[in-house]
Amino acid sequence: MTVHFIGAGPGAADLITVRGREQLARCGVCLYPGSLTPTDLLAHCPDDARLIDTADLTLDEIIDELVRAHADGHDVARLCSGDPAVYSAVAEQMRRLDAAGVPYDVTPGVPAFAAAAAVLGRELTVPTVGQSVILTRAQARSTSMPDGETLATLGASRATLVLHLAVNRIEQAVSELLPNYGADCPAAVVAHATQPGEVVVRGTLGDIAPRLREAGITRSAVIIVGAVLAAEKFPDSFLYSVGRERAGREAG
């Protein structure tokens, strides 16, 4: 039996992958992250599946449930918000499953930053404007950031910056980013992307904090900072250019 770590996507039930949906339909046990999981998504589980809300469980309690389900002969779905590769806490779960001899696999999902970009109608990598995206978070009551990963350091490149878990520390984040990006740098906040309560706030680094406070956003939001958010006059990508040689097309 296998534990399936499944990216549940950013919130909309129909943004789970086909593979993830099919795995849900085969699992006798499903652990899901509380209110972050839409009810319609859990409807893909078998009618007799055991559904476990992990919102109030400790890591050890979660692992106990996974190991017990495996021992009882069940395939287990472990739903993760967004994509398991980013801010999902799967690394420590995998480490414990390795120690317990429990097999697992991972199915990716739509990450929150991709959903936010879609809602904004923007590509985060625009020719000559921005070709790098930094995913990071703000330091709060969570695990300490590694040395060298401060916003001031990361922002020195002026690359497109995506901040998770930072809406309640927006003023501090802005103060650390201003010296590199400037007050007129475009910024946006997307809360509850793809969900019924979706909220979008657009502005600049100079005014995004008060705009966010006025909107009353306090959780489940992504902050994006970078020139790509307002890019208009930029060259077309080389990808589809006339001068690019294409495989299968005869030359001359």
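Residues numbered from 1 in each chain as written. Predicted model: local features only at pLDDT ≥ 70, side-chain atom pairs only at ≥ 80, totals over all residues. Heavy atoms only, no water.

Draft legend 1. Geometry of the sheet that holds strand E6 (residues 133-137). Strand order across the open sheet formed by five strands is E6-E7-E10-E8-E9, with mixed pairing between neighbours. Looking at which strands have only one partner, the edges of the open sheet turn out to be E6 and strand E9 (199-204). When the angles between neighbouring strand axes are averaged without regard to direction, this sheet yields 15 degrees. Relative to strand E10 (residues 221-225), helix H5 (residues 112-120) is tilted by about 70 degrees, and along the sheet it contacts E6, strand E7 (160-164), strand E8 (186-191), E9 and E10. Contacting E7 and E10, helix H7 (residues 170-181) crosses the sheet at an angle of about 170 degrees to E7. (Pairing = 2+ DSSP bridges. Helix = DSSP H or I, 4+ residues; strand = E, 2+ residues; numbered from the N terminus. Axes fitted to C-alpha atoms, helices over the stretch in contact; angles between N-to-C directions. Contact = heavy atoms within 4.5 Å.)

Draft legend 2. Summary view of H5. For H5, every residue scored as buried is listed here: Ala 115, Ala 116, Ala 117 and Leu 120. Where H5 is buried, its residues touch E8, E9 and E10. Positive backbone phi, at 70 degrees, marks Gly 121, one or two positions downstream of H5. (Buried < 20%, exposed > 50% of the residue type's maximum accessible area, 1.4 Å probe, protein only.)

Draft legend 3. Up close: the sheet that holds strand E4 (residues 76-80). In space, the five strands of this open sheet follow the order E3-E2-E4-E1-E5, with parallel pairing throughout. Both outer strands of the open sheet, strand E3 (50-53) and strand E5 (104-107), are each paired with one neighbouring strand and no more. The mean angle between the axes of side-by-side strands here comes to 20 degrees, regardless of whether they run parallel or antiparallel. Strand direction decides the pairing type here: strand E1 (residues 3-7) and E4, joined by five bridges, are parallel. When the sheet's bridge partners are listed, Phe 5 is paired in E4 with Arg 78. On the sheet, helix H4 (residues 90-100) packs against E1, E4 and E5 and is oriented at approximately 170 degrees with respect to E1.

Draft legend 4. Focus on the domain arrangement of the protein chain. The domain architecture assigned to the protein chain consists of domain 1 (3-107) and domain 2 (112-230). Averaged C-alpha coordinates put domain 1 and domain 2 at centres separated by 28 Å. In this assembly, eight residues from domain 1 lie in contact with 11 residues from domain 2. Buried area between domain 1 and domain 2, both sides added, is near 650 Å², and the carbon and sulfur share of it is 64%. (Domains from an automatic or database assignment. Buried area = accessible area lost by both parts, 1.4 Å probe.)

Draft legend 5. Structural view of H7. What H7 keeps buried is the set Ile 170, Ala 173, Val 174, Leu 177 and Tyr 181. Along the long axis of H7, the arc covered by the buried residues comes to 95 degrees, so they all point the same way. Looking at the packing, one finds that the buried side of H7 touches helix H6 (151-154), E7, helix H8 (208-215) and E10. A positive backbone phi angle near 85 degrees is found at Gly 182, which sits one or two residues after H7. (Arc of directions from axis to C-beta.)

Draft legend 6. How the structure looks around the packing of H7 against H8. The contact between H7 and H8 brings their axes to 9 Å, and the two run at 165 degrees. For the element pair H7 / H8, the angle class is roughly antiparallel. The crossing of H7 and H8 is right-handed. Contacts between H7 and H8 involve Ile 170, Glu 171 and Val 174 on the former and, on the latter, Ile 208, Ala 209, Leu 212 and Arg 213. (Parallel < 35°, antiparallel > 145°, perpendicular 65-115°, else oblique. Left-handed = near helix turned anticlockwise from the far one by under 90°.)

Draft legend 7. Structural view of the side chain of Thr 54. Residue position: Thr 54 is located in the loop between E3 and helix H3 (59-71). Judged by relative accessible area, Thr 54 falls into the buried class, the value being 7%.

Draft legend 8. The packing of aromatic side chains, seen in detail. Within this structure, the stated rule accounts for one aromatic pair. Arranged with centres 5.9 Å apart and planes meeting at 80 degrees, the rings of Phe 5 and Tyr 104 form a pair that is edge-to-face. Within this pair, whereas Phe 5 is found in strand E1, its partner Tyr 104 is found in strand E5, the two being separated by 99 residues in sequence. Residue Phe 5 is classed as buried on the basis of its relative accessible area of 0%. (Phe/Tyr/Trp six-rings, centres within 6.5 Å; stacked < 30°, edge-to-face > 60°.)

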